[in-house]
Amino acid sequence: QILQIVILYKRLVMKIVLKAKEHPEGLYNDLRELDLDELILMPPDEWLKDRMDEFDYWTSFKNNGMIYPITVSPHTEDWVQERLQRGKTPQHLKANGDVRPGLYVQTGNKRVYWARQEGYTHIEGYYVTNREDKAKIRSKLHIPHTEIPR
């Protein structure tokens, strides 16, 4: 309980940024410090926690931090709307079927989940507005579950 109070205090008075260890040269230019409170995770927290436990991301993040920045996109992009309206993430849709407004995490949902658990207020991420750039970043920076560093 004391840890929770300390985390809340830090969030109120300090900006604590989770920075990536690596920023591949020439990959993408729009790198930002993003407020964790403004980011919307694609999968539900329960699914993320299960994956974190199953593949022991906890140890990886504890020992290695965040290797690459996350990727986010605004809900206003057509390709983001299409992805969210496919039916796999009904929590992101309003009753009328419209996508809830916000900034959606495209890659790095577990990193955001972990950063929130650890009391960070911000995280480094690429702000992406087109599908091609998102695919390019993912193809260069994706680390399979079985290959995450311990």
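Summary of the structure given here. (Residues numbered from 1 in each chain as written. Predicted model: local features only at pLDDT ≥ 70, side-chain atom pairs only at ≥ 80, totals over all residues. Heavy atoms only, no water.)

### Looking at the side chain of Asn 64
Inference 1: Mapped onto the secondary structure, Asn 64 falls in helix 3 (residues 57-64).
Inference 2: Residue contacts for Asn 64: discarding those within four places in its chain leaves Lys 21, Pro 149 and Arg 150. (Helix = DSSP H or I, 4+ residues; strand = E, 2+ residues; numbered from the N terminus. Contact = heavy atoms within 4.5 Å.)

### Considerations on the layout of surface pockets
Inference 1: Considering only enclosed or pocket space, the largest pocket measures out at about 690 Å³ in volume.
Inference 2: What lines the largest pocket is a set of 32 residues, among which Gly 108, Lys 110, Arg 111, Arg 138 and His 142 lie closest to the centre.
Inference 3: Those elements that place two or more of their residues in the lining of the largest pocket are helix 2 (45-54), helix 3, strand 5 (103-107), helix 5 (109-117) and helix 6 (131-141).
Inference 4: Residues of the lining of the largest pocket, tallied by class, amount to 15 nonpolar, 11 polar and 6 charged.
Inference 5: In this structure, the second largest pocket encloses a volume near 180 Å³. (1 Å grid on protein atoms, 1.4 Å probe; cavity = no way out; pocket = protein on both sides within 12 Å on 5 of 7 lines; lining within 4 Å. Points joined across faces, edges and corners; volume = space filled by probe spheres on them. Nonpolar A, V, L, I, M, F, W, Y, C, P; charged D, E, K, R; others polar.)

### What about the packing of aromatic side chains?
Inference 1: The full count for this structure, using the stated rule, is 5 aromatic pairs.
Inference 2: Ring centres 5.9 Å apart and planes at 90 degrees place the aromatic pair Tyr 28 and Tyr 126 in the edge-to-face group. Of this pair, Tyr 28 sits in the loop between strand 1 (17-18) and strand 2 (31-35) while Tyr 126 sits in strand 6 (residues 122-127); the two residues are 98 residues apart in sequence, bridging distant segments of the chain. The same class applies to Tyr 28 and to Tyr 126, which are both buried. (Phe/Tyr/Trp six-rings, centres within 6.5 Å; stacked < 30°, edge-to-face > 60°. Buried < 20%, exposed > 50% of the residue type's maximum accessible area, 1.4 Å probe, protein only.)

### Quick look at the environment of His 23
Inference 1: Within the fold, His 23 resides in the loop between strand 1 and strand 2.
Inference 2: For His 23, a relative accessible area of 36% corresponds to the partly exposed category.
Inference 3: In this structure His 23 touches Leu 31, Pro 69, Glu 124 and Tyr 126, once residues within four positions along its chain are discounted.
Inference 4: A distance of 2.7 Å separates a polar atom in the side chain of His 23 from a polar atom in the side chain of Glu 124. (Polar contact = N/O pair within 3.5 Å; in protein donor to acceptor, adjacent residues only side chain to side chain.)

### Brief notes about the pattern of salt bridges
A side chain with one charge can pair with a side chain of the opposite charge if their charged atoms come near.
Inference 1: In the structure shown here, the tally under the stated rule is 7 salt bridges.
Inference 2: The salt bridge involving Glu 33 is made with Lys 15; its shortest N-O contact spans 2.9 Å. Placement of the pair is Glu 33 in strand 2 and Lys 15 in the loop between helix 1 (2-13) and strand 1, with a sequence separation of 18 residues.
Inference 3: Residue Arg 131 pairs with Glu 82 through a salt bridge whose shortest N-O separation is 3.0 Å. Within this pair, whereas Arg 131 is found in helix 6, its partner Glu 82 is found in helix 4 (residues 78-84), the two being separated by 49 residues in sequence.
Inference 4: For Arg 131, a relative accessible area of 37% puts it in the partly exposed group. (Salt bridge = Lys/Arg side-chain N within 4 Å of Asp/Glu carboxyl O.)

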